Amino acid sequence: KMAEDLEAVLVFSEHRGYGQSPVEYRHLSAKQALADHARLASEIRSEYCNAHVVVIGASYGGMLAAWLRRDFPQIFLGAYASSGPVVGFTGMTPPTRVYDLTSSNFKCAPQVGDAFRQLRVLLFSNKGRLEIGQRLELCASLHVNQQDALIGFLQKCFVTLAESNLPYPRGHLPAHPAVHACSAFPAHNSSHSFLDSMKAVLDLADPLGARACRSPDLSAFANFLPGMLPGAWSRQRCTDILLPAQVGPLAPLFMPCEDFKPNCWDVREWGRFCNRSHGVLPDPGYGWLTFGPKSSWRSTTNVLFVNGDRDPWFSGGLSPEDVSYGFPGVESILIEKASHHFELLKPDPATDSASITHARKRIFDIVSGWFNGKELVSNSHMSSSAAESAHVSL
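Given the structure is predicted, the values throughout are model-derived calculations rather than measurements.

1. Topic: the nonpolar core
Formed by 92 residues in total, the largest nonpolar core has its most connected members in Trp67, Phe106, Phe116, Phe158, Ile241, Trp270 and Trp297. No other element matches the 10 residues that helix α7 (residues 147-163) contributes to this core. If we ignore the near neighbours within four places in the chain, the residues touching Trp67 are Ala30, Leu34, Phe72, Val86, Phe89, Ile241, Phe291 and Trp297. By size, the runner-up hydrophobic cluster in this structure holds 23 residues, among which are Met2, Ala3, Tyr80 and Ile366.

Dropping the structure here:
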């Protein structure tokens, strides 16, 4: 809709190693992706008479979008980064925030935390593991060395529901999935009824569909850290997008780090996982050195960060307070009661709140202002004159 209103060409690009692109791990990195997109945008500009290019991305794509404008201002007029945790790296943001924000979505968080504790006790016995496997419809019997990973698998279900906590149905999820999840956790549980509650959440977040049973990869707890996906993304989380996560006292939905060691962020344990899974060793300081801390955005212009206050990944985002002083060319919008890149979804007048409607209008005004030469701070690489007639959104 924005491209239509701005009379722009909308181009969707594919990150190497994903989709139909072949996976070559030696060239799989965010830095390579930035170079790829800069080259692509340069060729598109040439094809469209040196048109202005605004780059838009969500989540990891939002991180890339923001870095593209900052690092290649001669190519990209501006960047709209939705739910991009650009300061979520080691040493930039407390690792507990992603679980804190997840927990804030669930009013039943204390009851869920109690259920996790009861589940852990039941996992200690062979009989308990057998019962859990049957009740949760797992394909294979649970082994004693898989009990931590099973807890991680269930924890990730709650993170998924928080990321997708929308006011209307989408995909297999109902409207307000966090509320639906909490309906399965009454204030007072009878013996072992916590398994029924966990099963209800599992059916909500990971429905069986045509499958006869569930077969999660329980080889490692790290497989289920927030945002983890198998394949290329798992490798990138080990090489260049290192986003730590730890459960602290403000996340009653889960067992705190002090009570459940896997919920502590241990870079050595993470390194062992990365070495076993991908043959690489992560560098905890890579994100800070390569992509820069918050201060690296001070001289950047025409970058818009948008986050939802319910989104777990707002934990690593730049808030309006973060850029309120000393960042004259950076805008940030925080949307009330919004989940992961919620504002990019199709508007729904029946359920959209005033905050999401206002945010979408403000986003359009800011982006259209870039095309019309309304740059907040002049940039030596970009013309501040009126926009050219051709526009491209990448």
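Moving on from the model shown.
2. What about the environment of Ala232?
If you trace the backbone, Ala232 turns up in helix α10 (residues 232-239). Sequence-distant contacts of Ala232, defined by excluding residues within four places in its chain, comprise Gly17, Tyr18, Tyr25 and Leu28.

3. Brief notes about the pairing of strand β3 (residues 78-82)
Counting buried residues in β3 gives five out of five residues, a clear majority hidden from the surface. Here β3 shows a buried face lined by Gly78, Tyr80 and Ser82 and a second buried face lined by Ala79 and Ala81. Note that strand β2 (residues 52-58) and β3 share five bridges and pair parallel. The partner of Val54 across the bridge, within β3, is Gly78. Regarding the hand of the β-α-β motif, the stretch spanning β2, helix α3 (residues 60-71) and β3 is right-handed. Here β3 pairs with strand β4 (residues 303-308) via four bridges, running parallel. In the sheet register, Tyr80 faces β4, and the bridge partner there is Leu304.

4. Points about helix α9 (residues 193-205)
Each α-helix turn comprises 3.6 residues. Residues three or four places apart therefore point the same way. A rise of 1.5 Å per residue sets the reference length of α9, with its 13 residues, at 18 Å; its end C-alpha atoms lie 19 Å apart and thus fit the reference within 8%. Burial runs high along α9: 10 of the 13 residues are buried. Residues of α9 that are buried: Ser193, Phe194, Leu195, Ser197, Met198, Lys199, Val201, Leu202, Leu204 and Ala205. Buried residues along α9 sit in contact with α5 (109-123), α6 (126-135), α7 and α8 (177-182).

5. A short note on α5
Between its first and last C-alpha atoms α5 spans 21 Å; for 15 residues at 1.5 Å apiece the expected length is 21 Å, and the two agree. Among the residues of α5, those classed as buried are Ala109, Val112, Gly113, Ala115, Phe116, Leu119, Leu122 and Leu123. The secondary structure elements touched by the buried residues of α5 are α4 (97-104), α6, α7 and α9.

6. What about the pattern of salt bridges?
When the charged atoms of two side chains lie near each other, side chains of opposite charge can form a pair. Evaluated as defined, the whole model comprises 18 salt bridges. Between Glu43 and Arg39 there is a salt bridge, with the nearest N and O atoms lying 3.2 Å from each other. You can see Glu43 and its partner Arg39 sitting in helix α2 (residues 30-47), four residues apart, about one turn around the helix. Overall, Glu43 belongs to the partly exposed group, its relative accessible area being 45%.

7. A short note on the state of the cysteines
Scanning the entire structure with this criterion turns up four disulfides. Shown here is the disulfide that connects Cys139 with Cys213, its sulfur atoms set 2.0 Å apart. Between Cys139 and Cys213 the sulfur-sulfur dihedral comes to about 105°; the bridge is accordingly right-handed. Of the two residues, Cys139 is situated in the loop between α6 and α7 and Cys213 in the loop between α9 and α10; the sequence distance between them amounts to 74 residues. For Cys213, a relative accessible area of 25% gives the class partly exposed. With a sulfur-sulfur separation of 1.8 Å, Cys257 is cross-linked through a disulfide to Cys264. Its S-S torsion of about 100° marks the bond between Cys257 and Cys264 as right-handed, since a negative value means left-handed. Exposure remark for Cys264: the relative accessible area of 22% places this residue in the partly exposed category. When the cysteines of the protein that form disulfides are numbered from the N-terminus onward, they connect as 1-3, 2-4, 5-8, 6-7. In this structure Cys157 is a free cysteine whose sulfur lies 14 Å from that of Cys108, the closest cysteine sulfur available. On the basis of relative accessibility, which here comes to 5%, the residue Cys157 falls in the buried class.

8. Points about unusual backbone geometry
With a phi angle near 55°, Ser83 is a residue other than glycine that sits in the positive phi range. On the secondary structure map, Ser83 appears in the loop between β3 and α4. Assessed through its relative accessible area of 1%, Ser83 is described here as buried. Even without a glycine there, the phi angle at Asn302 is positive, about 55°. On the accessibility criterion, Asn302 (2% relative accessible area) is buried.

9. Comments concerning the packing of α5 against α7
In a pair of packed helices, the angle between the axes and the distance between the axes together describe the arrangement. It is the contact of α5 with α7, at a shortest axis distance of 10 Å, that shows an interaxial angle of 160°. Between α5 and α7, the angle falls in the class roughly antiparallel. Every pair of crossing elements has a handedness; the one defined by α5 and α7 is right-handed. Contact residues: Val112, Phe116, Leu119, Arg120 and Leu123 in α5; Gln147, Leu150, Ile151, Leu154, Gln155 and Phe158 in α7. Here the contact of α5 with α7 is built from residues that sort into eight nonpolar, two polar and one charged.

Basis of the calculations
- Residues numbered from 1 in each chain as written.
- Predicted model: local features only at pLDDT ≥ 70, side-chain atom pairs only at ≥ 80, totals over all residues.
- Heavy atoms only, no water.
- Core = buried A, V, L, I, M, F, W, Y, C linked by side-chain atoms within 4.5 Å.
- Buried < 20%, exposed > 50% of the residue type's maximum accessible area, 1.4 Å probe, protein only.
- Helix = DSSP H or I, 4+ residues; strand = E, 2+ residues; numbered from the N terminus.
- Contact = heavy atoms within 4.5 Å.
- Pairing = 2+ DSSP bridges.
- Right-handed = clockwise from strand over helix to strand, strands pointing away.
- Expected span 1.5 Å × (residues − 1).
- Salt bridge = Lys/Arg side-chain N within 4 Å of Asp/Glu carboxyl O.
- Disulfide = S-S within 2.5 Å.
- Axes fitted to C-alpha atoms, helices over the stretch in contact; angles between N-to-C directions.
- Parallel < 35°, antiparallel > 145°, perpendicular 65-115°, else oblique.
- Left-handed = near helix turned anticlockwise from the far one by under 90°.
- Nonpolar A, V, L, I, M, F, W, Y, C, P; charged D, E, K, R; others polar.

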